[in-house]
Number of protein chains: 4
Amino acid sequence: MKRILIRGITGSMGVETASMIISHSDYKLVAGLAEENLNVDLSRLTGLSKATDVSIFADLKEAVLSTKPDIMIDFTVPDGLLPALKQALDLGLDLIIGTTGLQEDEIQELKAYTEDKSATTMLIPNFSLGAVLMMEFASKASKYFPRAEIIEGHHENKADAPSGTSIATAEKLEKTEPFLKEEEIKYTIEGVRGGEKNNVRIHSLRLPGLMARQEVIFGGQGQTFTLTHNTISRSSYMPGVRLALDRIEDKSGFIYGLDKLLD
Amino acid sequence: MKRILIRGITGSMGVETASMIISHSDYKLVAGLAEENLNVDLSRLTGLSKATDVSIFADLKEAVLSTKPDIMIDFTVPDGLLPALKQALDLGLDLIIGTTGLQEDEIQELKAYTEDKSATTMLIPNFSLGAVLMMEFASKASKYFPRAEIIEGHHENKADAPSGTSIATAEKLEKTEPFLKEEEIKYTIEGVRGGEKNNVRIHSLRLPGLMARQEVIFGGQGQTFTLTHNTISRSSYMPGVRLALDRIEDKSGFIYGLDKLLD
Amino acid sequence: MKRILIRGITGSMGVETASMIISHSDYKLVAGLAEENLNVDLSRLTGLSKATDVSIFADLKEAVLSTKPDIMIDFTVPDGLLPALKQALDLGLDLIIGTTGLQEDEIQELKAYTEDKSATTMLIPNFSLGAVLMMEFASKASKYFPRAEIIEGHHENKADAPSGTSIATAEKLEKTEPFLKEEEIKYTIEGVRGGEKNNVRIHSLRLPGLMARQEVIFGGQGQTFTLTHNTISRSSYMPGVRLALDRIEDKSGFIYGLDKLLD
Amino acid sequence: MKRILIRGITGSMGVETASMIISHSDYKLVAGLAEENLNVDLSRLTGLSKATDVSIFADLKEAVLSTKPDIMIDFTVPDGLLPALKQALDLGLDLIIGTTGLQEDEIQELKAYTEDKSATTMLIPNFSLGAVLMMEFASKASKYFPRAEIIEGHHENKADAPSGTSIATAEKLEKTEPFLKEEEIKYTIEGVRGGEKNNVRIHSLRLPGLMARQEVIFGGQGQTFTLTHNTISRSSYMPGVRLALDRIEDKSGFIYGLDKLLD
């Protein structure tokens, strides 16, 4: 049974991940890291009734020596991230990292350090299986349906537009062709055709009652083919985290992106 | 049994309407008007196998005197429209007009002329029952869901954007409130929030495989409410034409818009 | 400012309603009723940070005498419901009741008692504005689109099928006609055409990742018209509760159903 | 330029295919086969204005000797199909066959005969690229989303239910798991959960205004992932026919199914 330590256990993704691991018999949550040694009842933190004997530490080395984890899962912030990851590798752990914000040179350094230690590091900026499948399928569909548009919708508190996933999806649609008559359209209201990336028009909705959804609509002669991903809670990331845990034993070296874990 | 004359019988809406009337036992198609006296087999024009004894005339007066219609349906062009309609009223006909493009003063003149003759004139710019219901329901829903966006999609040969129906719909959403955080969004691609009318964002898709569709998405706390109208053939206008025919006996005077015929 | 008492304040709907009222400046939450006098911090119960001076009582009379509410909102269970409602009317309160399960004769008794006291009682079995609008619009659309089917989808823990809302919707589609060729279909798998109510086929989906959604699809010549309601959290009922509160002053007597509160 | 003969040129798929080939500069339509030598103007048959010098024959051998085609496309009926295909192979043609209904032993015989002649035969029961992509993607998605349901909708004249494509799709979902609580549901209307194939529930809609559409909805923790294919005209098969024509030179031997032609 794999022994897991979660760095950032008191954040929202940390709590979700702790709940998932506790309810799963193949893994054992042995420790959490937080900004200070906490005297909290983890079962309360996670909303689970099951009693748990998980200690929460402020110091990584102390946590590892006390609880002997095999794997560290990291959901924190970019600040101080790389040194902590290197320390974990020094202590013999494999890594699953959901924290985003590492710079390109930091990523290269982490990769080299992982290989040097013969460890396994999974850097996964997006744990959503639905989003990963959407991008893979969209890329393939664009070979056969060369015209496509994306509609993404989010709640009204989202800070940016369009969503990062919609841009990443448009970048995968390498075979999408531009709409040649765009210039000939007579516009009675400006801006209705949305934004453009890689020949794909992107439309962003911001409405209460939406959490996160994305549609990629492919148009062909007499038919449309649509991929839709709809997310209603943060728990949707957990199957992706579980997939990473399930695959970590069969993998080695540095792995970047959830798509590398699909068959 | 109502006797019908179609002005513009060789155009695409004229042909659809002729087919509909021929297959309907409550109405009798007695004549068509076209640019010249045609020696065509109407059953071939309409694709119907049934033999028909419908004559096609170039002259309205000749057609009326020969075939004694009760009602004239007009699907033509604005050029020369008003004089033709007044001549038909002089000849004692009631009118159902699907032709668009009359100016506001011409509409007033037609209204006065109709009332003067104690006739019935239905001026129906859009015979789509789905579009009319969508506008009525959208108007009501906006009282209870004060945030809304419209997505309209059409084939790639549509000349303008957004669609006239989407603008007309947005104009009905009198209670829709603006999205207050629009200014705070950080845009990584410009234009993704679409065009704006009456506090409603409008997004236009242009793709092969689409004919004509419109979604109005209302967002509220924890829920969305969506009206969707999807059209796949021009025959979709026929139930609206039939509704006008069914209601013309109970109505009198000048009637503007299909919504006036709904209960 | 209306003074509100919530009976059943510790249940999930009670907590949602308490949160909503606390954050709304037109209403004042003055008391809650629960099974025992609770020494809880209501701000913690509702997840709100704002401190609140709301007392929670086990006895209705004591609560009313201490806190002088104008309106009682009830989200409890059918057991003991009618006597409690009558006691509240005796104490001079108006009522908004979201609890379901009263028998027809109890409803009649409540109505008579309300009128006797010259009070206002709103009995609202479903506070979802989206569901109420869907039923009203569906009823009207069925006059013009005489063929319809319903698809409802819920999470996997829902105890029954189809949903009560889908049945109530089908019952409103008075003009829907049966599909005449149903008997002629050659079935290669049994049961795919779903269940039937009032000439409407109902299809129930049960999948993880769904909370509650319903589509009513109307089919007509060359077009479809679809109403879709999608719910992602229990907070979606709050605008309906607020509507009841906003309208209670203008209403009197016994009111049954949220649809009676729409313009 | 490949020279094409269409067997069954007067049927609806034959006409569509003729139109497509005539408008495409890489292929030359040189002959059609029909039940009798026809003296028809092919441009009228296909609705194209372009004049064409395509002869229509009743006899295959005569057609081949006169017009020297490279490839025969077959859209006919199972009756007499195998002998005609073997005759075409004898005459040195490669084959693209859209006709369905060959028995398993006939398919094996055709395969052996093709290999014996060192020819290329593509037997393609479904030319819809959208349907083929849907099945491929659905099969892959079922590995990561182990619960799925299918909703297929068709016009009211479809003879069978569910659609063949929905059954074929369900058969590809090898990893889909049954809904374990199915037995516990309390049914207030029977039959609402649809039909079942391979642990997948299938729901069939039959409504006017629909042509052919299919949704496969995958449900996972907190998210749904949906594949939707919507067809509005028979021309939607043409990109699949063109793909077969484009790939026939690079392929040899017996090829069964459009999916074998995707990269």
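These numbers come from a predicted model, not from an experiment.

Chemist: What is the right way to read the overall build of chain A from this model?
Modeler: Within chain A, the regular secondary structure consists of eight helices and 14 strands. Principal-axis analysis of the C-alpha atoms places the extent of chain A at approximately 70 × 40 × 30 Å. A burial count over chain A gives 57% of its 263 residues as buried. Within chain A, contacts between residues at least 6 apart in sequence are counted, and of these 70% link residues at least 24 apart. Surface accessibility of chain A: about 10,900 Å² in total, with carbon and sulfur atoms responsible for 44%. If you average the places of the 29 positive and of the 38 negative side-chain charges in chain A, the two averages end up 4 Å apart.

Chemist: What am I meant to see in the relation of the copies chain C and chain D here?
Modeler: Between the two copies of the chain lies a rotation about an axis combined with a shift along it. With an RMSD of 0.0 Å, the fit of chain C onto chain D corresponds to turning through 180° and sliding 0.0 Å along the axis. A rotation of that kind, with that shift, is consistent with a two-fold axis. The position closest to the rotation axis in chain C is occupied by the C-alpha of Gly194 of chain C, lying 2.5 Å away. Interface residue correspondence from chain C to chain D reaches 98%, placing this contact among same-surface, isologous pairings.

Chemist: Looking at this structure, I do not really get the sheet that holds strand E3 (residues 55-57) of chain B. What am I missing?
Modeler: Sheets are built from strands paired through backbone hydrogen bonds, the pairs being either parallel or antiparallel. All names here are of chain B. Taken in spatial order, the seven strands make up an open sheet running E3-E2-E1-E4-E5-E6-E14, and their pairing is parallel. With one partner strand each, in any of the chains shown, E3 and strand E14 (253-256) form the two edges of the open sheet. Strand-to-strand, the axes of this sheet are offset by a mean angle of 20°, without reference to chain direction. Pairing of strand E6 (residues 120-123) with E14 involves four bridges; the strand directions are parallel. Across the sheet, the residue bridging to Thr120 is Gly253, located in E14. Strands in contact with helix H4 (residues 81-90) are strand E1 (2-7), strand E4 (71-74), strand E5 (94-97) and E6; relative to E4, the strand with the most contacts, it is inclined by about 170°.

Chemist: It is not clear to me how the confidence of the model for chain A should be interpreted in this structure. Could you clarify?
Modeler: Regions with low pLDDT carry predicted coordinates that are not meant to be interpreted in detail. Across chain A, the average pLDDT comes to 92, with 94% of residues at 70 or higher. For this predicted complex, the interface confidence reaches an ipTM of 0.88, while the overall pTM sits at 0.91.

Chemist: What should I look at first to understand the interface of chain B and chain A in this one?
Modeler: Put simply, an interface is often sized by how much accessible area is lost when its parts join up. Listed by partner, the interface residues are 43 residues for chain B and 43 residues for chain A. A combined buried area of about 3,400 Å² lies between chain B and chain A, and 62% of that area is made up of carbon and sulfur atoms. Residue Arg147 of chain A pairs with Glu156 of chain B through a salt bridge whose shortest N-O separation is 2.5 Å. Here chain B and chain A share 22 residue pairs in polar contact (both at pLDDT 80 or more) between them. Contributing elements (two or more residues each) for the side of chain B that touches chain A: strand E7 (147-154), strand E8 (160-161), strand E9 (186-187), strand E10 (195-197), strand E11 (200-206), strand E12 (212-220) and strand E13 (223-231) of chain B. It is E11 of chain B that provides the largest number of residues to the side of chain B that touches chain A, a total of five residues. Taken together, the residues of the side of chain B that touches chain A sort by class into 17 nonpolar, 13 polar and 13 charged. As paired elements, strand E9 (residues 186-187) of chain A and E8 of chain B share two bridges and run parallel to each other. Among the inter-strand pairings, Lys186 of chain A is bridged to a residue of E8 of chain B, identified as Asp160 of chain B.

Chemist: Looking at this structure, how should I read the domain arrangement of chain A?
Modeler: Examined at the domain level, chain A breaks down into domain 1 (2-123 + 235-261) and domain 2 (129-232). Relative placement of domain 1 of chain A and domain 2 of chain A: their C-alpha centres are 33 Å apart.

Chemist: Would you mind showing me how to read unusual backbone geometry here?
Modeler: Leaving glycine out, the prevailing phi sign among residues is negative, and the prevailing peptide bond configuration is trans. Following Ala161 of chain A, the chain continues into Pro162 of chain A via a peptide bond in cis, with omega recorded as -5°. Relative to the assigned elements, Pro162 of chain A resides in the loop between strand E8 (160-161) and helix H7 (164-172). A positive phi is found at Asn199 of chain B, a non-glycine position, where the angle reads about 70°. Looking at the secondary structure, you find Asn199 of chain B in the loop between E10 and E11. Overall, Asn199 of chain B belongs to the partly exposed group, its relative accessible area being 31%.

Chemist: Please explain the packing of aromatic side chains as it appears in this structure.
Modeler: Both the distance between ring centres and the angle between the ring planes are used here to describe each pair of aromatic rings. Evaluation of the coordinates by the stated rule reveals 22 aromatic pairs over all chains. Grouping aromatic residues by their ring pairs yields a cluster made of Phe137, Phe145, Phe218 and Phe225 of chain A together with Phe137, Phe145, Phe218 and Phe225 of chain D.

Chemist: I'm lost on the sheet that holds strand E7 (residues 147-154) of chain D in this one. Help?
Modeler: Ordered by their spatial adjacency, 10 strands build an open sheet running E10(A)-E11(A)-E7(A)-E12(A)-E13(A)-E13(D)-E12(D)-E7(D)-E11(D)-E10(D), and the pairing between neighbours is mixed. Two strands close off the open sheet at either side, each with one partner strand: strand E10 (195-197) of chain A together with strand E10 (195-197) of chain D. The sheet shows a mean angle of 20° between the axes of neighbouring strands, direction not considered. Bridge analysis of E10 of chain D against strand E11 (residues 200-206) of chain D gives three bridges, and the strand direction is antiparallel. Following the sheet pairing, Gly195 of chain D is matched in E11 of chain D by Ile202 of chain D. Here helix H6 (residues 129-141) of chain A sits on the sheet in contact with strand E12 (212-220) and strand E13 (223-231) of chain A together with strand E13 (223-231) of chain D, set at roughly 165° to E13 of chain A.

Chemist: Looking at this structure, I do not really get the packing of helix H6 (residues 129-144) of chain B against helix H7 (residues 164-172) of chain B. What am I missing?
Modeler: Residues and elements named next belong to chain B. At a minimum axis distance of 8 Å, the contact between H6 and H7 shows a crossing angle of 25°. One way to sum up the angle between H6 and H7 is to call them roughly parallel. For the pair H6 and H7, the sense of crossing is right-handed. Contact residues: H6 offers Ala131, Met135, Ala138 and Ser139, while H7 offers Thr165, Ala168, Thr169 and Lys172. Of the residues that constitute the contact of H6 with H7, the class distribution is four nonpolar, three polar and one charged.

Chemist: Could you clarify how one ought to interpret the interface of chain C and chain D in this entry?
Modeler: Tallying the contact residues gives 44 residues for chain C and 43 residues for chain D. Summed over both sides, the interface between chain C and chain D buries roughly 3,300 Å², with carbon and sulfur atoms accounting for 62% of that surface. Across the contact surface, chain C and chain D share two salt bridges. A per-class count over the side of chain C that touches chain D returns 17 nonpolar, 13 polar and 14 charged.

Chemist: Hey, could you run me through the UniProt feature "binding site: (S)-2,3,4,5-tetrahydrodipicolinate" (unreviewed entry) in chain A in this one?
Modeler: Residue and element names in this part refer to chain A. According to UniProt, the "binding site: (S)-2,3,4,5-tetrahydrodipicolinate" (unreviewed entry) feature falls on His155, Gly164 and Thr165. Relative to the elements of secondary structure, His155 occurs in the loop between strand E7 (147-154) and E8. His155 sits in the partly exposed class, given a relative accessible area of 30%. Apart from the residues within four sequence positions on either side, His155 is in contact with Arg206, Leu207, Leu210 and Met211. Relative to the helices and strands, Thr165 resides in helix H7.

Chemist: Explain the pattern of salt bridges here, please?
Modeler: A side chain of one charge can pair with a side chain of the opposite charge when the charged atoms of the two come close. With the rule as written, the count across this model stands at 63 salt bridges over all chains. Residues Asp263 of chain A and Arg247 of chain A are paired through a salt bridge, measuring 3.5 Å at the closest nitrogen-oxygen approach. Of this pair, Asp263 of chain A sits in the segment after strand E14 (253-256) while Arg247 of chain A sits in helix H8 (residues 238-247), placing them 16 residues apart in sequence. Close ionic contact of Glu115 of chain C with Lys111 of chain C constitutes a salt bridge, the shortest N to O distance being 3.1 Å. In this pair, Glu115 of chain C and Lys111 of chain C both sit in helix H5 (residues 104-116), four residues apart, roughly one turn of the helix. What makes Glu115 of chain C partly exposed here is its relative accessible area of 43%. Since its relative accessible area comes to 30%, Lys111 of chain C is described here as partly exposed. Each of the salt bridges in this network shares a partner with another, and the network as a whole consists of Glu149, Glu182, Arg193 and Arg201 of chain A.

Chemist: In this structure, what is going on with the UniProt feature "domain: Dihydrodipicolinate reductase C-terminal" (unreviewed entry) in chain A? I would like to understand it.
Modeler: With numbering aligned to this structure, UniProt lists the feature "domain: Dihydrodipicolinate reductase C-terminal" (unreviewed entry) at residues 130-262 of chain A. Secondary structure across residues 130-262 of chain A comprises 23% helix and 33% strand; the distance between its end C-alpha atoms is 12 Å.

Here is what the cut-offs are and how they apply
Residues numbered from 1 in each chain as written. Chains lettered and ligands numbered in written order. Predicted model: local features only at pLDDT ≥ 70, side-chain atom pairs only at ≥ 80, totals over all residues. Heavy atoms only, no water. Helix = DSSP H or I, 4+ residues; strand = E, 2+ residues; numbered from the N terminus. Buried < 20%, exposed > 50% of the residue type's maximum accessible area, 1.4 Å probe, protein only. Contact = heavy atoms within 4.5 Å. Areas by Shrake-Rupley, 256 points an atom, 1.4 Å probe, with all protein chains shown as cover. Lys, Arg positive; Asp, Glu negative; His and termini not counted. Charge placed at Lys NZ, Arg CZ, Asp CG, Glu CD. Least-squares fit on C-alpha atoms with pLDDT ≥ 70 in both. Pairing = 2+ DSSP bridges. Axes fitted to C-alpha atoms, helices over the stretch in contact; angles between N-to-C directions. pLDDT = per-residue confidence, 0-100. Buried area = accessible area lost by both parts, 1.4 Å probe. Salt bridge = Lys/Arg side-chain N within 4 Å of Asp/Glu carboxyl O. Polar contact = N/O pair within 3.5 Å; in protein donor to acceptor, adjacent residues only side chain to side chain. Nonpolar A, V, L, I, M, F, W, Y, C, P; charged D, E, K, R; others polar. Domains from an automatic or database assignment. Phe/Tyr/Trp six-rings, centres within 6.5 Å; stacked < 30°, edge-to-face > 60°. Parallel < 35°, antiparallel > 145°, perpendicular 65-115°, else oblique. Left-handed = near helix turned anticlockwise from the far one by under 90°. UniProt positions renumbered as here; feature names shortened; annotations may be inferred.

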